[in-house]
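Notes for the structure review
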Amino acid sequence: MSRTVLALAMMAGTAVASTAAFTQARWPAGDEIGMANHLGSTTWARCAPLLANPKAKSYEVSHIRSNSMPQSPFGTPLVDKFKPTVGIPGTLHAFNGEETVSGELGAQGTQMDALGHFAVLPEPWDGKNPFPSDRAKYYGGHTQQQVKPAPDAPLEKLGIEKVPPIVTTAVLLDAKSHLGKGNAMQPGAVVKAVDIEAMLTAQGLGARGLLPGDVLYIYTGWGDGWVDPDTGNTYYTKGPGLAYDAAKYIEEKQVVLVALDNPFTDPVPDGMLMGKAAPAEGTPPGLPFAIHHHNLAVAGIHQIQNANLGELAKDKVWLSCTLILPLRSKGGSGSPVRPVAIGVPGQ
């Protein structure tokens, strides 16, 4: 399914143009890292007791990447070719290698979005006339000419290489238990701002809350359906996600990054990707992927899709130190990522 077909499907039923604000004044003009400005000695100091606790464990927050894993319809499928074992004449050496034959690395598997991944137009594109990319505006008011001056150019601003090492405290919220009552949240179901506050209280984090520079992990249970090999081909067709009011809430809390165990961060009801269902209730007109829009183009909050949160939730590690390092690919709109969380299992 091509991006164009998906985009046309998304626009079906969106009759009202939506002009979305993109200007922010929290950081100096020209800022390219958004809420990542909070990272530094304060967030490192919050991590220190967690790292030093002798009862702490490390957790992988990413899935293993492979040719047979679930793959996004929004990116070229990943195809790695594994080469035969070879050697060097006259030596005792034998070695192995592989190459990526095709694939949009930053759009497949556990991956992180750069702020330059999303922009906003002044009115919806009709899908008939040429796409007006020259009118796109990005986080901080950056223009298309500033960010991507030519169709084949890398991102000159807001690329993934601009993201600093993310070393900070992470809060994990168990929406599978709180909202799903022990079952995975359903496609199109949303985690609202009131749900975030209720889960913080239920998990003993009400007094602490979310702090500036925190990472927010939300376990919906949808990630339990990540199966490799992906024979069912259903994981990427739908899923629960973050409500629009929750995106505004985490902006107020100045969260640096949000990651769910789902494919889109946004809620996607069954049939939405094929134009057979409307976006989730509360989604602004013209912005079917409103969470992507708000986090990346408005608030400066980075995102990770397909986070592997099951083990953290099983061990009730509600607070951890997380380390997130995307590849420094010049001008990339995203990157494969291997987040790690270190924390103490709950009782």
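Data block above holds the structure.
Attention in this report is confined to the structure presented alongside it. (Residues numbered from 1 in each chain as written. Predicted model: local features only at pLDDT ≥ 70, side-chain atom pairs only at ≥ 80, totals over all residues. Heavy atoms only, no water.)

**Things to note about the state of the cysteines**
- Tallied over the entire structure, the rule returns one disulfide.
- Paired by a disulfide, Cys47 and Cys321 hold their sulfur atoms 2.3 Å apart. With the S-S dihedral at roughly 90 degrees, the linkage between Cys47 and Cys321 falls on the right-handed side. Of this pair, Cys47 sits in helix α2 (residues 41-52) while Cys321 sits in strand β13 (residues 319-324), placing them 274 residues apart in sequence. For the pair Cys47 and Cys321, one class covers both residues: buried. (Disulfide = S-S within 2.5 Å. Helix = DSSP H or I, 4+ residues; strand = E, 2+ residues; numbered from the N terminus. Buried < 20%, exposed > 50% of the residue type's maximum accessible area, 1.4 Å probe, protein only.)

**Some words on the sheet that holds strand β15 (residues 340-343)**
- Pairing in this open sheet of nine strands is mixed, and the strands run β1-β15-β13-β7-β9-β11-β12-β6-β14 from one edge to the other. The open sheet is flanked by β1 (57-60) and β14 (334-336), the only strands paired with a single partner. Between one strand axis and the next, the sheet turns through 25 degrees on average, direction left out of account.
- Looking at chain direction, strand β7 (residues 166-174) and strand β9 (residues 215-219) are connected through five bridges and run parallel. Looking at the pairing, Asp174 lines up with Tyr219 of β9.
- Relative to the sheet, α2 contacts β7, β13 and β15, its axis offset from that of β7 by approximately 65 degrees.
- Most of the contacts of helix α5 (residues 193-202) go to β7, to which it runs at about 90 degrees, and overall it touches β7 and β9. (Pairing = 2+ DSSP bridges. Axes fitted to C-alpha atoms, helices over the stretch in contact; angles between N-to-C directions. Contact = heavy atoms within 4.5 Å.)

**Regarding a nonpolar patch on the surface**
- A cluster of nonpolar side chains, namely Val86, Ile88 and Phe95, defines an oily patch on the protein surface of about 250 Å² accessible area.
- When you line up the elements, Ile88 lands in the loop between β3 (86-87) and β4 (94-95). (Patch = residues over 30% accessible without salt bridge, like charges linked within 9 Å, V, L, I, M, F, W, Y side chains within 5 Å. Areas by Shrake-Rupley, 256 points an atom, 1.4 Å probe, with all protein chains shown as cover. Salt bridge = Lys/Arg side-chain N within 4 Å of Asp/Glu carboxyl O.)

**What to know about unusual backbone geometry**
- Looking along the chain, the bond that leaves Asp228 and enters Pro229 is cis, with omega of 10 degrees.
- If you trace the backbone, Pro229 turns up in the loop between β9 and β10 (241-242).
- Residue Thr265 is not a glycine yet carries a positive backbone phi of 65 degrees.
- As for its placement among the helices and strands, Thr265 is situated in the loop between β11 (257-260) and α7 (290-299).
- Look at Lys316: it is not a glycine, yet its phi comes out positive at around 55 degrees.
- When you line up the elements, Lys316 lands in the loop between α8 (310-314) and β13.
- A relative accessible area of 40% places Lys316 in the partly exposed class.

**What to know about the environment of Leu115**
- With respect to the helices and strands, Leu115 occurs in the loop between β6 (111-113) and α3 (144-147).
- Exposure remark for Leu115: the relative accessible area of 1% places this residue in the buried category.
- Separated by 186 residues in the primary sequence, Leu115 and Ile301 have C-alpha atoms spaced 7.6 Å apart.
- Leaving out residues up to four positions away in the same chain, Leu115 has contacts with Glu32, Ile33, Gly34, Tyr139, Leu158, Asn295, Leu296, Gly300, Ile301 and His302.

**Quick notes on the side chain of Thr169**
- Locating Thr169 in the fold gives a position in strand β7.
- Here Arg208 takes part through its side chain, which lies 3.3 Å from a polar atom of the side chain of Thr169.
- If sequence neighbours within four positions are ignored, Thr169 has contacts with Thr43, Arg46, Cys47, Leu50, Arg208, Gly213, Asp214, Val215, Leu319, Ser320 and Cys321. (Polar contact = N/O pair within 3.5 Å; in protein donor to acceptor, adjacent residues only side chain to side chain.)

**Details of α5**
- Buried residues of α5: Ala193, Asp195, Ile196, Met199 and Leu200, and no others. Projected down its long axis, α5 shows its buried positions confined to an angular sector of 160 degrees, all on one face. The outward face of α5, more than 90 degrees from its buried face, is lined by the exposed residues Val194, Thr201 and Ala202.
- Backbone geometry just after α5 places Gly204 at a positive phi near 80 degrees. (Arc of directions from axis to C-beta.)

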